[in-house]
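# Tertiary structure, described
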Amino acid sequence: MGMSLDFTNYTFSFLVSLIGTILGICYPLFLENIRKIDDQYQSTVLAKRFQEAPVFKLYRLLLITAIIISFLAPFIMLFSDNSIVNIGVETIHCLFVLALVFVTVSYTHLTLPT
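Residues numbered from 1 in each chain as written. Predicted model: local features only at pLDDT ≥ 70, side-chain atom pairs only at ≥ 80, totals over all residues. Heavy atoms only, no water.

## Considering the overall build of the protein
Operational definition: Secondary structure counts use DSSP, requiring at least four H or I residues in a row for a helix and at least two E residues in a row for a strand, with both numbered from the N terminus. By definition in these notes, contact holds between two residues if any of their heavy atoms fall within 4.5 Å. Per-residue accessibility takes into account occlusion by the displayed protein chains alone, with areas from the Shrake-Rupley method and a 1.4 Å probe.
Looking only at helices and strands, the protein features 4 helices and 0 strands. Ordered by position in the sequence, the α and β elements of the protein form the string α-α-α-α. If you take every contact in the protein between residues at least 6 apart in sequence, the share linking residues at least 24 apart comes to 77%. Carbon and sulfur atoms form 71% of the exposed surface of the protein, whose accessible area is close to 7,800 Å².

Structure (structure tokens):
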């Protein structure tokens, strides 16, 4: 009677942890870098330009969507008896988190000083 690997629960836990890490570390880092740019150039024009950049808007949209999926996914998987639905929910969740990681890395290149 060994413990079986529950792929869905472990995957979900990993994705939620990854979103928490991105939210806890990267988002404040982005805001701090935008503030530094604002302070360095004494102009809000460049800071506003970074905040209005499509990649930053995409980052916020992906972050909010990933958080919403993280909240809804356990309920969908709990009330679904179909394993294909559970795998589908996890796949969608995984794709959003991977896109979030990709956009985070892309945006970090834009905001970090060289």
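## Here's the deal with the confidence of the model for the protein
What counts, and what does not: Confidence per residue, as judged by the predictor, is encoded in pLDDT with a range of 0 to 100.
Across the protein, the average pLDDT comes to 76, with 85% of residues at or above 70. Helix H3 (residues 54-79) holds the highest mean pLDDT among the elements of the protein, 83, whereas helix H1 (residues 7-41) holds the lowest, 75. Note that residues 1-5 has pLDDT below 50 and, in this model, 2 contacts with residues that lie over four places away or in other chains.

## Comments concerning the side chain of His 93
Tracing the backbone shows His 93 in helix H4 (residues 83-111). In contact with His 93, other than residues within four places in its own chain, are Phe 12, Leu 15, Val 16, Ile 19, Ala 66, Ile 69 and Ser 70.

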